[in-house]
Structures are given as C-alpha cells and as structure tokens.
Amino acid sequence: MDIVEAINQRKSIRAFKSDHVPKEIMKEIMELALRAPSWGNTQPWEFAIVTGKELEEIRQAFVKKAAEGHNPDTDIPRPRGFPQPYDTRYRTLGRKVLELKGISREDKEKRGRWLLQGLRLFEAPCVIYIYIDRSFYQQGDGLNIWPVFDCGLVAENIMLLATRYGLGTIPQIQAVVYPDVLRKVLGIPDSKLIVLGISVGYPDWDDPVNQLRSEREPLDNVSTWYGFD
Ligand SMILES: Cc1cc2nc3c(=O)[nH]c(=O)nc-3n(C[C@H](O)[C@H](O)[C@H](O)COP(=O)(O)O)c2cc1C
C-alpha cells in the first residue's frame, strides 16, 4: 500500500470485530514500526502486545475500577483543560461520535455505557501498550518529554502499517487510565511509565461510529510559508 493511501485511510476505529489478529501480522507491523526516528536514536519505547485472556482480564478490571468510582490516573498527566481553539475541536469530535452512536447529550445512561465501551477498548481483540523508563522522563525536578514525543512517532508508524493489513486502530488514553491494573496483569514494574494504548483489530464497518472522518483545520490556518515564490 502506498504511503499516501495509508495516511488517508487511517482513522480511529471505535468498533471492532472479534476476529483474532495473527501474531505473525503483529510481528511484521512491530518490526517495521521500530524504524521510527527518536532523539539520538535512544529508542525509548517498550511494548506489551496483548490479546486473549490477559486482555479480557484488563477489560473487566477497568470496568470494575470505573464502577467503583476510581478517577482516571494516567502515568503521563492528562491536559488540565482545553483552551481555545482546542476546546471547540475537542467538543466537536465528542458531539460527532455521540451523534453517530445515536446518543443524545442528555441521555446520561447511554453516555455512561459508551464510556464503558471505551474502557473495554471498543472490544478490540489486541492492544499494544507503549511504555518508557521513568528515569528518562522524570529528571530532577523537571520532565524530559522527548521520550513521549518519540513514542508518538512509533505509534503513528504502527497505525499506518496496520492499515496495510486491513486492520483498524485507535490510540487510546482510555486504555491506560488505570496503570495499576496494567502493572498487575502484565507485570510492568513501577520503574516504567505507561504512555498509551493502541487498540487494534478488524473494523466493524457496520457500526455507524466507524463512518466518522474527523475534521482538520485548513492548512492555511496553521501554516506560514517563508521564502517560497
Ligand atoms: C494521544 C491520543 C489519545 C487518544 N485517546 C483517545 C481515547 O481515549 N478515546 C477515543 O475515543 N479516542 C482517542 N484518541 C483518538 C482521537 O480522538 C483521534 O485521533 C482524533 O479525533 C482524530 O481522529 P482520527 O484519528 O480518526 O483521524 C486519542 C488520540 C491520541 C493521539
């Protein structure tokens, strides 16, 4: 598949079929994704690639945590707010997703159930958790954010490569909101910080939520050109 086609086709998938993703395919994706650039070739990323029993255990534990009222507690802090113009973009996305799911803003119960679907990783049969070493991120009183940036680069490689195999993906902060669960089930030590989960599987194209093609700000609004004619 051509790179332009892959970039155009990739989008976040929020409903998956239960079909198993073969390990050989995941290995091919992961091997090539490692060609991502990183600061000084430090390659700060590590991966837990999870399916089957362990993933079901994680799903159930996440739902239980939410039911018990535990607040999300990611290793990498989430935004405290969304100043403009980001708030509008964020809300537009949320509104469109709910519209496609046929959920009205007032329907608290259905919204709650949809949130749980996110915590259940939209039923994806496979998830890639990306983590980094704590000592590289927390340095003295400050933070070295570059390993997290590098994880973004490898994450995009993974998602584009998955497209080539007919797989859908979604980068999901919801996948890492209870890192204690992930540490316990996957044996990830405290010395590692879990950055992001990428849910992977074959898209359920019958679910209207997968029709969404999210908007982009026109290039002219976000770019200034210098030295061109
Ligand atoms: C770091 C990161 C975390 C995200 N977390 C979630 C999430 O928890 N739930 C979700 O539905 N989408 C999540 N997304 C997907 C974004 O909503 C999506 O990338 C954005 O709306 C653009 O749409 P597209 O991926 O379809 O192009 C996340 C994306 C990124 C990059």
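Residues numbered from 1 in each chain as written. Predicted model: local features only at pLDDT ≥ 70, side-chain atom pairs only at ≥ 80, totals over all residues. Heavy atoms only, no water.

Caption draft 1: Region of the structure containing helix α2 (residues 23-33). Buried residues of α2: I25, M26, I29, M30 and A33, and no others. Each buried residue of α2 sits inside an arc of 130° when the element is viewed along its axis, so together they form one side. α2 presents K23, E24 and E31 as exposed residues on the side facing more than 90 degrees away from its buried surface. Those residues of α2 that are buried lie in contact with β1 (46-51), β2 (126-133), α7 (146-164) and β6 (192-201). (Buried < 20%, exposed > 50% of the residue type's maximum accessible area, 1.4 Å probe, protein only. Helix = DSSP H or I, 4+ residues; strand = E, 2+ residues; numbered from the N terminus. Arc of directions from axis to C-beta. Contact = heavy atoms within 4.5 Å.)

Caption draft 2: Broad picture of the sheet that holds β2. Across the sheet, which stays open at both edges, the four strands sit in the order β1-β2-β6-β5 with antiparallel pairing between neighbours. With one partner strand each, in any of the chains shown, β1 and β5 (168-172) form the two edges of the open sheet. Each strand axis lies, on average, 25° off the axis of its neighbour in the sheet, ignoring direction. In the sheet, β2 pairs with β6 via eight bridges, with the strands oriented antiparallel. Its bridge partner lying in β6, D133 is registered against K192. (Pairing = 2+ DSSP bridges. Axes fitted to C-alpha atoms, helices over the stretch in contact; angles between N-to-C directions.)

Caption draft 3: Layout of the packing of helix α3 (residues 52-67) against helix α8 (residues 179-186). Where α3 meets α8, the axes come as close as 10 Å, and the angle between the chain directions of the two elements is 150°. Relative to α8, α3 is oriented roughly antiparallel. The chirality of how α3 crosses α8 is right-handed. Contacts from E54, E57, I58, A61, F62 and K65 in α3 reach D180, V181, L182, V185 and L186 in α8. Each residue belonging to the contact of α3 with α8 can be placed in one class, and the counts come to seven nonpolar, no polar and four charged. (Parallel < 35°, antiparallel > 145°, perpendicular 65-115°, else oblique. Left-handed = near helix turned anticlockwise from the far one by under 90°. Nonpolar A, V, L, I, M, F, W, Y, C, P; charged D, E, K, R; others polar.)

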